[in-house]
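If you want the building blocks of each chain, they are given just below.
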Amino acid sequence: MELADAGELPAYVYDLADLDAHMATVRAALGDIEVHYAVKANPDPQLLRVIAPYVDGFEVASGGELAHVRKFFPESPIALGGPGKTDAELFADVYRLHIESPSEIRRLFTAGRSADVLLRVNLDIPISGASLAMGGGATPFGMDPAGISECIEMLAGQDAVRFRGIHAHLASGLDAPRMLELATAILDYARGLGVTEINIGGGMAVSYADPDSRFDWKTYGKGLASLRRPGEVLRIEPGRSLSVYCGRYVTRVIDVKRVHGELFAVVAGGTHHIRTPATKGHSQPMVIEESGEPTTIVGQLCTPKDTMARHVPVSLKPGDVVEFLMAGAYAWNISHHDFLMHPKPAFHYLGS
Ligand SMILES: *Cc1c(COP(=O)(O)O)cnc(C)c1O
């Protein structure tokens, strides 16, 4: 309401105290399982500052993210991954390099580089119930077991490129029991190679349909602790499930109209500020102050894809403030800000 009075809408509002409490809960559930925050979920420095004390490092997917994290946390361990690394990325001095193909190993050799590498495996195991699958079939992510074997052969008998272990990030949107099944398969595979450092990725489930539900970190942490054998280092790299809850996107209604029987509310801003509902094809969860006739909430862009939420039972009139939840991950930073040249949102941080 204060932001609306100050004319500062649309705005992102991040609750840093809430993020801090969530991070403390996750950390406590994980014991000595290592955690790297996947920076691509939300690289906002204010969020990174809150997250940093609870994690063992950061996972970055580009040279841009690497430089960004280094600027704020010069001492923090960083793992660099992602398909399509340029020379600058492949040859960066990082704690762990996640290798995506045999040719990345050849390029390291040719350039005479040293590195500590995890080989990213795409295991051919069925992955049901995932919202996105990065593995379990032909995808551009990581290597199949034949590719991994090729790398291991190349890495034998030299010590510049050190084979530290296995990395996998096979799916996202899985609940704790399914994530543990996946972890079991990855661990079986890694142990078969005699490896003791295993990064089992991110992708912990987040429910946009039920903003109050949370991934069961306790079950997951206990499960991982019982899977882990003495001497093994287990690491995860979640993004969305850590930062999504602390962000809200707040805006106001510009117009309300009925077209061919359907009620629309047009809000300031829209999916060029928060692309999440367009990319996921869902209704972004929102606060409903007063219930009413099912209303489709759209943004200011000239495309039917600029839909924030469909058929929401809410009563809205021009000037009303609308508050969208779960806007702390894959939201602002994945959006096409310049389309139609509307103004950018404001950013506010609570509890810093
Ligand atoms: C995106 C990504 C993650 C984080 O995934 P979330 O779904 O945000 O938890 C972790 N590891 C890799 C390799 C990724 O590409």
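Residues numbered from 1 in each chain as written. Predicted model: local features only at pLDDT ≥ 70, side-chain atom pairs only at ≥ 80, totals over all residues. Heavy atoms only, no water.

As annotated in an unreviewed UniProt entry, the chain is Diaminopimelate decarboxylase from Streptosporangium album. Comment text from UniProt for the chain, heading Cofactor (unreviewed entry), reads "pyridoxal 5'-phosphate". Checking UniProt for the chain, the heading Sequence similarities (unreviewed entry) contains the comment "Belongs to the Orn/Lys/Arg decarboxylase class-II family." (UniProt positions renumbered as here; feature names shortened; annotations may be inferred.)

Asks: Tell me about the UniProt feature "active site" (unreviewed entry) in the chain, residues and numbers included.
Replies: If you check UniProt for "active site" (unreviewed entry), the listed places come out as Cys 302 in our numbering. Within the fold, Cys 302 resides in the loop between β14 (294–298) and β15 (307–313). For Cys 302, a relative accessible area of 71% gives the class exposed. (Helix = DSSP H or I, 4+ residues; strand = E, 2+ residues; numbered from the N terminus. Buried < 20%, exposed > 50% of the residue type's maximum accessible area, 1.4 Å probe, protein only.)

Asks: Go over helix α7 (residues 145–155), please, and point to the residues and values.
Replies: Along α7, the positions that sit buried rather than exposed are Gly 147, Ile 148, Cys 151 and Leu 155. The arc that holds the buried residues of α7, viewed along the axis, is 100°, so those residues lie on one side. Facing away from the buried side of α7 by more than 90 degrees, the exposed set consists of Ala 146 and Glu 153. Close packing links the buried residues of α7 with α6 (102–110), β6 (115–120), β8 (161–167) and α8 (176–192). (Arc of directions from axis to C-beta. Contact = heavy atoms within 4.5 Å.)

Asks: So, the site of the ligand: which residues are in play, and what are the values?
Replies: In the neighbourhood of the ligand, 13 residues make up the surrounding shell, with Lys 40, Gly 203, Glu 237, Arg 240 and Tyr 330 lying closest. In this structure, a nitrogen atom belonging to the ligand sits 2.7 Å away from a side-chain N or O atom of Glu 237. The separation between an oxygen atom of the ligand and a polar main-chain atom of Gly 239 is 2.9 Å. For the ligand, whose free accessible area comes to 390 Å², the fraction covered by protein is 89%. In terms of residue class, the shell around the ligand is made up of three nonpolar, six polar and four charged. (Near = heavy atom within 4 Å. Polar contact = N/O pair within 3.5 Å; in protein donor to acceptor, adjacent residues only side chain to side chain. Areas by Shrake-Rupley, 256 points an atom, 1.4 Å probe, with all protein chains shown as cover. Nonpolar A, V, L, I, M, F, W, Y, C, P; charged D, E, K, R; others polar.)

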